[in-house]
Amino acid sequence: MTIDPRTRIGHVHLTVSDLDRALSFYRDVLGFDITARYGADAVFLSAGGYHHHIGLNTWQSRGGSPPAPGTTGLFHVAIRYPTRPTLADALRRLVEARVPLEGASDHGVSEALYLADPDGNGIELYWDRPRDQWPQPQEGEKVHMYTRPLDVEALLAEAVKA
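The paragraphs below set out a description of the structure included in this document. Just so it is clear, the model here is predicted, and its values are computed rather than measured.

## Points about the pattern of salt bridges
Alright, step 1. Applying the stated criterion to the full structure yields twelve salt bridges.
Alright, step 2. Of the charged contacts in the structure, one is a salt bridge between D106 and R129, with a shortest N-O distance of 2.8 Å. With D106 in strand β6 (residues 103–106) and R129 in the loop between β8 (122–128) and β9 (148–149), this pair connects stretches of sequence that are 23 residues apart.
Alright, step 3. Each of R84, D106, E111, R129 and E158 takes part in salt bridges that share partners, so that together they form one network.

## Here's the deal with the side chain of E111
Alright, step 1. If you trace the backbone, E111 turns up in strand β7 (residues 110–116).
Alright, step 2. Look at E111 and you get buried, because its relative accessible area is 4%.
Alright, step 3. A polar atom in the side chain of E111 sits 2.6 Å from the side chain of R84.
Alright, step 4. Reaching out from E111, the side chain makes a polar contact with the side chain of W127 at a distance of 2.8 Å.

Basis of the calculations
- Residues numbered from 1 in each chain as written.
- Predicted model: local features only at pLDDT ≥ 70, side-chain atom pairs only at ≥ 80, totals over all residues.
- Heavy atoms only, no water.
- Salt bridge = Lys/Arg side-chain N within 4 Å of Asp/Glu carboxyl O.
- Helix = DSSP H or I, 4+ residues; strand = E, 2+ residues; numbered from the N terminus.
- Buried < 20%, exposed > 50% of the residue type's maximum accessible area, 1.4 Å probe, protein only.
- Polar contact = N/O pair within 3.5 Å; in protein donor to acceptor, adjacent residues only side chain to side chain.

What follows is the structure, given as structure tokens:
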């Protein structure tokens, strides 16, 4: 049996050490809107009025440390942008906020920027190319993907300041 193809991952909920610091990143740098806040303990954020795409809380982590390298846990959260120019605008915001990139890749099916939030959680910001632009699958594959360097300067040139 396979999962119903209409199934989607609806949101991610992260434990953070400092709610205001995390909020500054997700709201002020990435641009998510607050949909609900529970005092100094939790906040829910969304794009476009959805109830929440990201939950942040300090219920068990206030003042905590990021997981040590080599431990299990979340590798990264992927945030999909609708178009290349909207991803470019996200890159512009990162540059303006002096948030360093950890990587930038062209995967054939998508283009992605990799970074960490203030708590060390991995973040992937990406857009999917239209399916008719995806690389042709190799024998035995359903989808062909690769990892090549992304031309970050060319992407940034597509950013439009709002």
